[in-house]
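Structure at a glance
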Amino acid sequence: MSPGSSQITPAQASQLSPQQVQDVVKEAHQINPGVADQLAAFYSQHSALIKTLGGAVLAIAMAKMKDHVSQS
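Residues numbered from 1 in each chain as written. Predicted model: local features only at pLDDT ≥ 70, side-chain atom pairs only at ≥ 80, totals over all residues. Heavy atoms only, no water.

Broken down by element type, the protein chain carries five helices and zero strands. Sorting the 72 residues of the protein chain into buried and exposed places 17% on the buried side. Summarising the internal contacts of the protein chain: among those between residues at least 6 apart in sequence, 72% fall at separations of at least 24. Summed over its atoms, the accessible surface of the protein chain is roughly 5000 Å², and 58% of this surface lies on carbon and sulfur atoms. (Helix = DSSP H or I, 4+ residues; strand = E, 2+ residues; numbered from the N terminus. Buried < 20%, exposed > 50% of the residue type's maximum accessible area, 1.4 Å probe, protein only. Contact = heavy atoms within 4.5 Å. Areas by Shrake-Rupley, 256 points an atom, 1.4 Å probe, with all protein chains shown as cover.)

Time to look at the confidence of the model for the protein chain. Averaged over every residue, the pLDDT of the protein chain is 76; residues scoring 70 or more account for 86%. Per-element mean pLDDT across the protein chain ranges from 72 in helix α5 (residues 55–71) up to 82 in helix α3 (residues 35–45). (pLDDT = per-residue confidence, 0-100.)

Once that is clear, we can look at a nonpolar patch on the surface. Nonpolar side chains collect at one region of the surface, where F42, L49, L53 and V57 lie side by side and expose about 320 Å² of accessible area between them. Mapped onto the secondary structure, L49 falls in helix α4 (residues 47–53). Overall, L49 belongs to the partly exposed group, its relative accessible area being 40%. (Patch = residues over 30% accessible without salt bridge, like charges linked within 9 Å, V, L, I, M, F, W, Y side chains within 5 Å. Salt bridge = Lys/Arg side-chain N within 4 Å of Asp/Glu carboxyl O.)

Summarising the element assignment, A61 is placed in helix α5. Taking relative accessible area as the criterion, A61 reaches 32% and is therefore assigned partly exposed. For A61 and L39, which are 22 residues apart along the polypeptide, the C-alpha to C-alpha distance reads 9.6 Å.

Following this line, the structure appears as structure tokens:
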């Protein structure tokens, strides 16, 4: 993502490295310390969905969460 950008395309999300996803999580945690708990709760309720959709969708969801939190 370029600086100031808050959305990524599915194609971009599929190219994210584990380190990049971790960086997004860290930034989201700085903005909203409860974000990891929210992700864990969502995963526990929808684990089959997450496994089916894969990591790219999770990365998109995290980017959307970051965007939502930064707008608050």
